[in-house]
Amino acid sequence: MIISNSSPLILLAKISKLNILEKLYKKISIPYEVYNEVIIKGKKENYSDAVLIEKHINEFIFVKSLNSEYKKETEKLKDIIGSGECEAIALCMQEKAKMLLMDNLEPRKIAQIKGIKCRSTPGILLEALENRIITFEEYELAIKELSKYAWLSGDIVAYFLEKGYKIKTKTK
């Protein structure tokens, strides 16, 4: 099972690459708080990505509830990281998830300490390139487009472009 936090959903929707999640993972689960952040609050703010993401709820994005044991886990983390991030980490623990899709570094560190494998949005795009879901040209454009919406340092953009280029030259 793959669990996602808010930012990968929002960012992939903004760059018109949300379908990559279905192609890579078949289905992903999100906790209710991520649904609340992305869909409910997003629609209140008239964010177009909220509507795009909502179309995929119960298609390949599924909302999953936390049981009481893992709701307690979120209480331990709420002073350190956001509610959606807390619930995403707790849902990974509850479901013994294979991976957590999450961008913010601090919550990713917490997840990794708890033994959860994490992947960022640029990492998702790289995986899509590796699996030939997107071409190198689409990958390069997506990474550059992503940097308009997400805070990515020049070093991170260069790192992912270089990794993508190595895959491109390896598959020729």
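My aim in this report is to walk through the structure given alongside it, one point at a time. Quick caveat: nothing in here was measured; it's all calculated off a predicted structure.

## Considerations on the packing of aromatic side chains
Two measures describe an aromatic ring pair: the distance that separates the ring centres and the angle between the ring planes. Within this structure, the stated rule accounts for 4 aromatic pairs. Each ring, one from Tyr-32 and one from Tyr-35, has its centre 6.0 Å from the other, and the planes form 40°; the classification is tilted. With Tyr-32 and Tyr-35 both in helix α3 (residues 32-44) and 3 residues apart, the pair spans about one turn of that helix. With centroids separated by 5.0 Å and ring planes inclined at 90°, the aromatic side chains of Tyr-159 and Phe-160 adopt a geometry described as edge-to-face.

## Focus: the nonpolar core
Formed by 40 residues in total, the largest nonpolar core has its most connected members in Leu-9, Leu-21, Tyr-25, Leu-125 and Tyr-139. Contributing elements (two or more residues each) for this core: α1 (6-14), α2 (19-25), β2 (28-31), α3, β4 (99-101), α8 (121-130), α9 (136-149) and α10 (154-170). Each residue touching Leu-125, except ones within four places of it in the same chain, is listed here: Leu-12, Ile-15, Lys-17, Ile-20, Ile-134, Tyr-139, Ala-142, Ile-143 and Leu-146. If you look at the next biggest cluster of nonpolar residues, it comprises 18 residues, including Tyr-70, Leu-77, Leu-91 and Ile-110.

## So, the pattern of salt bridges
Should their charged atoms come close, side chains of opposite charge can pair. A full pass over the atoms with the stated rule returns 10 salt bridges. For the salt bridge of Glu-95 with Lys-64, the shortest nitrogen-to-oxygen distance reads 3.9 Å. You can see Glu-95 sitting in helix α6 (residues 83-95) and its partner Lys-64 sitting in strand β3 (residues 61-64), a full 31 residues away along the chain. Using a relative accessible area of 25% as the deciding quantity, one classes Glu-95 as partly exposed. In this structure, Lys-114 and Glu-73 form a salt bridge, with 2.9 Å as the shortest nitrogen-oxygen distance. Here Lys-114 is found in the loop between α7 (105-113) and β5 (118-119), whereas its partner Glu-73 is found in helix α5 (residues 68-77), with 41 residues between them in sequence. We classify Glu-73 as buried; its relative accessible area is 10%.

How each quantity is defined
- Residues numbered from 1 in each chain as written.
- Predicted model: local features only at pLDDT ≥ 70, side-chain atom pairs only at ≥ 80, totals over all residues.
- Heavy atoms only, no water.
- Phe/Tyr/Trp six-rings, centres within 6.5 Å; stacked < 30°, edge-to-face > 60°.
- Helix = DSSP H or I, 4+ residues; strand = E, 2+ residues; numbered from the N terminus.
- Core = buried A, V, L, I, M, F, W, Y, C linked by side-chain atoms within 4.5 Å.
- Buried < 20%, exposed > 50% of the residue type's maximum accessible area, 1.4 Å probe, protein only.
- Contact = heavy atoms within 4.5 Å.
- Salt bridge = Lys/Arg side-chain N within 4 Å of Asp/Glu carboxyl O.

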